[in-house]
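Residue-level listing of the chains:
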Amino acid sequence: MKMREEFTCPLELVHDMIKGKWKPIIIWRLRLGPTSLAKLEKDIDGITQKMLLEQLKELIDYGFVEKKSFEGYPLHVEYSLTEGQGRELLQALKIMQHIGIEYLKAQGKEALLIEKGVVPE
């Protein structure tokens, strides 16, 4: 998670912050509100707990996600988007989601959207 020292534009930095298979998916899932690690793991097909924890740590370090621990037993921890950068990044992902939907519709693949539970606009 080393931040590069030299870059052409700030977009390169943001790309580095969210690159990979899981980070955008984690952020997209957190749009639904605060949730536990177990629920995130259950909701994101194919991710291991180890990978989820690594990706969450990076997202927390970059300020996109916050972790809240609650007192008591058993230990309860919730993850959520931060009000600043997390919510802003979510807006960018919504635009990307819209582009993906429009592309699939243009390719005649609306059935795939329905199969994935995405309501075509």
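Residues numbered from 1 in each chain as written. Predicted model: local features only at pLDDT ≥ 70, side-chain atom pairs only at ≥ 80, totals over all residues. Heavy atoms only, no water.

Draft legend 1. Summary view of helix α5 (residues 85-106). Its 22 residues place the ends of α5 32 Å apart at the C-alpha level, agreeing with the 32 Å of an ideal helix rising 1.5 Å per residue. Within α5, the full set of buried residues consists of Gly86, Leu89, Leu90, Leu93, Ile101 and Leu104. When α5 is viewed along its axis, its buried side chains cluster within an angular range of 130° and face the same direction. For α5, the exposed residues lying more than 90 degrees away from the buried face are Glu88, Ile95, Ile99, Tyr103 and Ala106. Contacts made by the buried residues of α5 are with α1 (10-18), α2 (23-30), β2 (76-81) and α6 (110-115). Within two residues after α5, Gly108 carries a phi angle of roughly 75°, on the positive side. (Helix = DSSP H or I, 4+ residues; strand = E, 2+ residues; numbered from the N terminus. Expected span 1.5 Å × (residues − 1). Buried < 20%, exposed > 50% of the residue type's maximum accessible area, 1.4 Å probe, protein only. Arc of directions from axis to C-beta. Contact = heavy atoms within 4.5 Å.)

Draft legend 2. Fine view of the packing of α2 against α5. The N-to-C vectors of α2 and α5 enclose an angle of 105°; their axes lie 10 Å apart at closest approach. Relative to α5, the element α2 is oriented roughly perpendicular. Contact residues: α2 offers Pro24, Ile27 and Trp28, while α5 offers Leu89, Leu90, Leu93, Lys94 and Gln97. Taken together, the residues that form the contact of α2 with α5 break down as six nonpolar, one polar and one charged. (Axes fitted to C-alpha atoms, helices over the stretch in contact; angles between N-to-C directions. Parallel < 35°, antiparallel > 145°, perpendicular 65-115°, else oblique. Nonpolar A, V, L, I, M, F, W, Y, C, P; charged D, E, K, R; others polar.)

Draft legend 3. The side chain of Lys23, seen in detail. Mapped onto the fold, Lys23 is located in helix α2. In this structure the side chain of Lys23 is engaged in a polar contact, spanning 3.3 Å, whose partner is the backbone oxygen of Met17. In contact with Lys23, not counting residues within four places along its chain, are Asp16, Met17, Ile18, Gln55, Glu58 and Leu59. (Polar contact = N/O pair within 3.5 Å; in protein donor to acceptor, adjacent residues only side chain to side chain.)

Draft legend 4. Just the pairing of strand β1 (residues 65-70), in detail. Pairing geometry for β1 and β2, over six bridges, is antiparallel. Looking at β2, one finds that Lys68 is bridged to Glu78. The turn linking β1 back onto β2 is made up of five residues, and Gly72 within it adopts a positive phi angle of 110°. (Pairing = 2+ DSSP bridges.)

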